[in-house]
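Below are the chains, spelled out letter by letter.
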Amino acid sequence: MEALSISQTKSRLRLALDDIREGVLSNNIWGMLGWLEVKQRYRRSVLGPFWLTISSGMIIAAMGPLYGRLFGQPIGDYFAYLAVSYVIWQLISQVITDACYAFINAESFIKQVRLPLTVHILRILWRSLIIFLHNFIIVLLVLAYFRPAFGWHLLLFPVALLMFVVNAVWVSLILALVCARFRDIPLIVNNLVLVAFFVTPIMWSPQMLGRYQWTVNLNPFYHFLEIIRQPLLGGELNLVSWAAVPGITVVGFAAMLKLFSRFRARVAYWV
Amino acid sequence: MSHIRAEDLVVEFPIYGARSRSLKNTVIRAATGGVLATDAAQRTVVRAVDHLSFDWNEGDRIGLVGHNGSGKTTLLRALGGIYEPVGGSLSVHGRVASMLSLTLGMDDYATGYENIFIRGTILGLTRREIARMVDEICEFSELGDFINMPMRTYSSGMSMRLAFTISTSVKADIILMDEWIGVGDEAFSEKAQRRLAELVGQAKILVLASHSPDIIRANCNKVVRLDHGRIVDEI
């Protein structure tokens, strides 16, 4: 246990940065709590989190042939595309919807012990990643069967995943903060995520838009989806997305730091 | 040197979701509770801690007294770094243990043994530190073989014994306590009181909020009476 010293000599920005740094370093706490939550949710079920794998697998198995046919796509390519995209989307959407409740659900913690707020963010992020790894089995199975032409791009997959996680931190912090104060926001976010599922190229590919193909570049979800899935699916490197993501990261972190330094101390009063 | 120093400390709660206007009109000053006021943005706020100044040093055993809603718990939480002051300054130096909730984070489906690690981690201990004290905790809490059973099989007394033992294993310079903790049947209770007294004894500063004059008298050398978030009496 560290010596606690509260004094107001530090700037708000400094305190916010300290919170994030200490939060990341408290990996024993968020690692344990995140894992515990996965265990709690699936306690006494035989398959545990693999039920999610099965549920995602069923959705993909049902949608693959149907939409492949509707869109007139070669079934093998489309199936692999859909499976990989859908599993990644599950991760993205779960991170976003869970982030809304990161502080609200951690009320008892926030009011009883002094922990960096970032711990509560990383805890749910960690939980989402654990579930993603379970779902990833589907990706492995599909890829093993359809064998797309991997190249050296495969090496970019961990890099892309890491970039996603880094961005998930600022997105989650902003959402958790805003949702703790305004309790309508989680409901709005839920709706938007559902809409995003349909307007993001998950079931369909940008080429199907013809001359409006460029519009997908306005969708930030698309860029993250693209950098993660492309290394797995083969094909050309999407340079627009690889350029967009670092830009989004910088802008996002700047916005988050501004908001977080201003309102970090208020969270205990809001939850 | 451990110390707690506050100058003009203010803690205010904004009230959201309440119809602040009508509340403002009808309730100007509550019979119990903090001072209702409005802040700069015209929101209704409860000022739970109202311009407090104090200077507590090593050897101080502070007893916080006052009726319900006088600001005792809020002040404890502010000292524990949970509520950051809205105004004034507060400086707390030393390792703080706040005994506000003994069971926070414990999982009913995990075994007692696992819960020692869960609680210990939340209290800020490393795995190695916990491993070093785990035997002592098992022994003191007298759970026997139940330590390897899920906690939901425990009686409430057993869970409390375990929670108490874990929380009192962490040494600290400053101890914050909301009501003196009492657990277990007669035999255990006696043992527990000795352990608690020992923990408090090695701490440099104790801040104890309590309604019981006897407990305050037995454990404190200074009494601070709060009313509507202000110090009205200091002995």
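Keep in mind it's a predicted model, so treat the numbers as computed, not measured.

1. Focus on the interface of chain B and chain A
Counting residues at the interface gives 30 residues for chain B and 23 residues for chain A. At the level of elements, β1 (3-14), β5 (87-94) and α3 (112-122) of chain B are the ones that each hand at least two residues to the side of chain B that touches chain A. Element by element, the count of residues in the side of chain B that touches chain A is highest for β5(B), at six residues. Each residue belonging to the side of chain B that touches chain A can be placed in one class, and the counts come to 16 nonpolar, 10 polar and four charged.

2. Points about the pairing of strand β10 (residues 230-234) of chain B
Residues and elements named next belong to chain B. Of all five residues making up β10, only zero are buried, and the element is barely covered by its neighbours. Across four bridges, strand β9 (residues 222-227) lies against β10 in antiparallel orientation. Paired with Leu226 across the two strands is Ile231, which belongs to β10. Remark: two residues form the turn of the hairpin made by β9 and β10, two consecutive strands paired antiparallel; His228 in that turn has positive phi of roughly 50°.

3. Focus on the domain arrangement of chain B
All names here are of chain B. Split by domain assignment, chain B resolves into domain 1 (3-94 + 210-234) and domain 2 (112-203). Counting from both sides, the interface comprises 10 residues of domain 1 and, opposite them, seven residues of domain 2. Mapped by element, the contributors of at least two residues to the side of domain 1 that touches domain 2 are α2 (72-79), β5 and α7 (213-219). Its residues assigned to classes, the side of domain 1 that touches domain 2 shows five nonpolar, five polar and no charged.

4. Description of helix α1 (residues 12-25) of chain A
Residues and elements named next belong to chain A. Between its first and last C-alpha atoms α1 spans 20 Å; for 14 residues at 1.5 Å apiece the expected length is 20 Å, and the two agree. Among the residues of α1, Ala16, Asp19, Ile20 and Gly23 are the ones counted as buried. The buried residues of α1 occupy an angular sector of 90° when the element is viewed end-on, so they sit on one face. Facing away from the buried side of α1 by over 90 degrees, the exposed positions are Arg14, Arg21 and Leu25. Turning to α1, the residues buried within the fold contact α6 (118-146) and α10 (239-263).

5. Some points on the sheet that holds strand β8 (residues 205-209) of chain B
All names here are of chain B. Pairing is mixed in the open sheet, where six strands are placed in the order β6-β7-β8-β4-β9-β10. The open sheet has two free edges, formed respectively by β6 (96-99) and β10, since each of these has just one partner strand. Each strand axis lies, on average, 20° off the axis of its neighbour in the sheet, ignoring direction. In the sheet, strand β7 (residues 174-178) pairs with β8 via five bridges, with the strands oriented parallel. Within β8, the residue paired with Asp178 across the bridge is Ala209.

6. Considering the nonpolar core
Within the largest apolar cluster, 129 residues are counted, with the highest numbers of intra-cluster contacts made by A:Ala83 and A:Ala176. Per element, the largest residue contribution to this core is 16 residues, and it comes from helix α4 (residues 75-99) of chain A. Viewed by domain, this core spans two of them, domain 1 (3-94 + 210-234) and domain 2 (112-203) of chain B, each represented by three or more residues. Discounting residues that sit within four places of it in the chain, A:Ala176 has contacts with A:Ala99, A:Cys100, A:Ala102, A:Phe103 and A:Ile121.

Thresholds applied
- Residues numbered from 1 in each chain as written.
- Chains lettered and ligands numbered in written order.
- Predicted model: local features only at pLDDT ≥ 70, side-chain atom pairs only at ≥ 80, totals over all residues.
- Contact = placed C-beta atoms within 7 Å.
- Helix = DSSP H or I, 4+ residues; strand = E, 2+ residues; numbered from the N terminus.
- Nonpolar A, V, L, I, M, F, W, Y, C, P; charged D, E, K, R; others polar.
- Buried ≥ 20, exposed ≤ 12 C-beta atoms within 10 Å, placed from the backbone.
- Pairing = 2+ DSSP bridges.
- Domains from an automatic or database assignment.
- Expected span 1.5 Å × (residues − 1).
- Arc of directions from axis to C-beta.
- Axes fitted to C-alpha atoms, helices over the stretch in contact; angles between N-to-C directions.
- Core = buried A, V, L, I, M, F, W, Y, C linked by C-beta atoms within 7 Å.

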